[in-house]
Amino acid sequence: EYRFADHWSVDVPVYYSAWTTARTYRFRTFSVQPSVRYWLSPDWKGHFFGVHLTAGQFNIATNEKTRYQDADGMYGAGLDYGYALKFTENWGMEFNIGAGLIHTRYNAYYNIDNGERFDTRIKNYWGITRCGISIIYRIK
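Right, let's get into the confidence of the model for the chain. In the predicted model, the chain carries a mean pLDDT of 92, and the fraction of residues at 70 or more is 99%. For the chain, per-element mean pLDDT is lowest for strand β3 (residues 14–22), which scores 84, and highest for strand β5 (residues 35–39), which scores 96.

With respect to the helices, strands and loops of the structure, T104 is situated in strand β8 (residues 91–110). You can call T104 buried: its relative accessible area is 8%. Within polar-contact distance, the side chain of T104 engages the backbone oxygen of G73 at 3.1 Å. Leave out the neighbours within four places in its chain, and T104 touches F58, D70, G73, M74, R121, I122 and K123.

Moving on, we come to the environment of H7. When you line up the elements, H7 lands in the loop between β1 (2–3) and β2 (8–11). Of the residues examined, H7 reaches a relative accessible area of 23% and is grouped as partly exposed. Note: C-alpha distance between H7 and S41 (34 residues apart in sequence) is 6.6 Å. Residues contacting H7, with those up to four places away along its chain left out, are R37, Y38, W39, L40, S41 and P42.

Burial along β2 is one-sided: S9 and D11 are buried, while W8 and V10, pointing the other way, are not. Across two bridges, the pairing between β1 and β2 is antiparallel. Note that in β2 the partner of Y2 across the bridge is V10. Counting the residues in the hairpin turn of β1 and β2 gives four residues. When β2 meets β5, the two strands line up antiparallel, connected through four bridges. Paired with W8 across the bridge in β5 is Y38.

What counts and what doesn't
Residues numbered from 1 in each chain as written. Predicted model: local features only at pLDDT ≥ 70, side-chain atom pairs only at ≥ 80, totals over all residues. Heavy atoms only, no water. pLDDT = per-residue confidence, 0-100. Helix = DSSP H or I, 4+ residues; strand = E, 2+ residues; numbered from the N terminus. Buried < 20%, exposed > 50% of the residue type's maximum accessible area, 1.4 Å probe, protein only. Polar contact = N/O pair within 3.5 Å; in protein donor to acceptor, adjacent residues only side chain to side chain. Contact = heavy atoms within 4.5 Å. Pairing = 2+ DSSP bridges.

Take a look at the structure:
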């Protein structure tokens, strides 16, 4: 997170997961979710509000029959709310949640080696798009 004015900051989290625990379970994703935040306190503590964008890719299997993979990526935007606690001058904790819309076009494949594609769908998801608890160390 980078502070660019007394009440304003930009946060750029990057998410990566390469989990393949078994042939039937896979959760591979790469996404970025930049956010611009307005802090009610110029000390970066207490309440903040923001807007965020979402962009990413996924390849997910949760059973032995089907695997889902994005065709064009996923894209979206939403609104954020959060609260930050300050423990010391440098250490703190942050809680945040965001809701918005994510759009994707994805393919469904048979979950076997080189499984054939059998369906293509478009999905617009409205709901929770970020949620987190973070330990914070501020570099001055």
